[in-house]
Amino acid sequence: MKKYSLDTPMIPVKEGDIVKVEISNSGMLNHPMHLHGHRFQVQSKNGEPYDAPIVKDLIHVKPGETYTVYFKAENKGEWLFHCHDNNHADRGMVTIVDYEGVYSPFELGGKNNNQP
C-alpha cells in the first residue's frame, strides 16, 4: 500500500491570485480530488483544452489522467485540497491552500494526534 508524502508543499496564495494546479494520476487507483472553500475551472484533460468552462470543487481523476485547473484565491483561510477517498487522504494525499497573512495553530500529530 502506497504512503503519500507528508511533505507535500502547501499552495501559497495571496488574495486575488489566479492559481493554476495540475493534477496527475500516475497510479492505479481513482482519486476524487476536492478543494475546500473554492470552486475551480477545469481548463484541460490530458493536455486537451475544453471548449466550454467546467466549474467544480471535486474532480474524479482516473489512472493515467492529468487535469489542469484554475481557481481564484478569494476566500481567505487555510483550505484542504485532498483526495476525497479518506483512506488516501489519511495516507498523505492532501495539501493546504495557504493564504498569505492567515495563521492556524493546527499541526499534524502532536499531543492530540491531529490528522487531516
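Just above sits the structure.
Presented here is an overview of the structure given in this document.

Rules used in this analysis
- Residues numbered from 1 in each chain as written.
- Predicted model: local features only at pLDDT ≥ 70, side-chain atom pairs only at ≥ 80, totals over all residues.
- Heavy atoms only, no water.
- Helix = DSSP H or I, 4+ residues; strand = E, 2+ residues; numbered from the N terminus.
- Rg over C-alpha atoms; globule rule 2.2 N^0.38 Å.
- Buried < 20%, exposed > 50% of the residue type's maximum accessible area, 1.4 Å probe, protein only.
- Contact = heavy atoms within 4.5 Å.
- Areas by Shrake-Rupley, 256 points an atom, 1.4 Å probe, with all protein chains shown as cover.
- Lys, Arg positive; Asp, Glu negative; His and termini not counted.
- Charge placed at Lys NZ, Arg CZ, Asp CG, Glu CD.
- Pairing = 2+ DSSP bridges.
- Axes fitted to C-alpha atoms, helices over the stretch in contact; angles between N-to-C directions.
- Salt bridge = Lys/Arg side-chain N within 4 Å of Asp/Glu carboxyl O.

### Description of the overall build of the protein chain
Counting secondary structure elements, the protein chain contains one helix and nine strands. What you see in the protein chain, going N to C, is helices and strands ordered as β-β-β-β-β-β-β-β-α-β. Relative to its length of 116 residues, the protein chain is compact, with a C-alpha radius of gyration of 15 Å against a globular reference of 13 Å. Dimensions of the protein chain along its principal axes, counting C-alpha atoms only, are 50 × 40 × 15 Å. Within the protein chain, buried positions represent 32% of all 116 residues. Sequence separation of at least 24 residues holds for 69% of the intrachain contacts in the protein chain that already meet a minimum separation of 6. Accessible surface for the protein chain amounts to roughly 7,600 Å². Of this, 49% is attributable to carbon and sulfur atoms. Distance between charge centroids for the protein chain: 3 Å, based on 12 positive and 15 negative side chains.

### Description of the sheet that holds strand 3 (residues 31-35)
The five strands are arranged 1-9-8-3-6 in an open sheet whose pairing can be described as mixed. Each having just a single partner strand, strand 1 (11-13) and strand 6 (58-61) make up the two edges of the open sheet. Taken pair by pair, the neighbouring strands of this sheet meet at an average axis angle of 15°, ignoring direction.

### Quick word on the sheet that holds strand 7 (residues 66-72)
Pairing in this open sheet of four strands is antiparallel, and the strands run 2-7-4-5 from one edge to the other. Only two strands of the sheet have a single partner each, and these edge strands are strand 2 (18-24) and strand 5 (48-56). Between one strand axis and the next, the sheet turns through 25° on average, direction left out of account. Relative to strand 5, strand 4 (residues 40-45) runs antiparallel, the two being bridged by five bridges.

### Let's talk about the pattern of salt bridges
Under the defined criterion, the tally for this structure stands at one salt bridge. Its salt-bridge partner being K45, residue E65 comes within 3.2 Å of it at the nearest N-O pair. Here the residue E65 occupies a position in the loop between strand 6 and strand 7, and K45 occupies one in strand 4, the gap between them amounting to 20 residues.

### A few points about the environment of K14
With respect to the helices and strands, K14 occurs in the loop between strand 1 and strand 2. Look at K14 and you get partly exposed, because its relative accessible area is 46%. Separated by 63 residues in the primary sequence, K14 and G77 place their C-alpha atoms 10 Å from one another. Leave out the neighbours within four places in its chain, and K14 touches A73 and E100.

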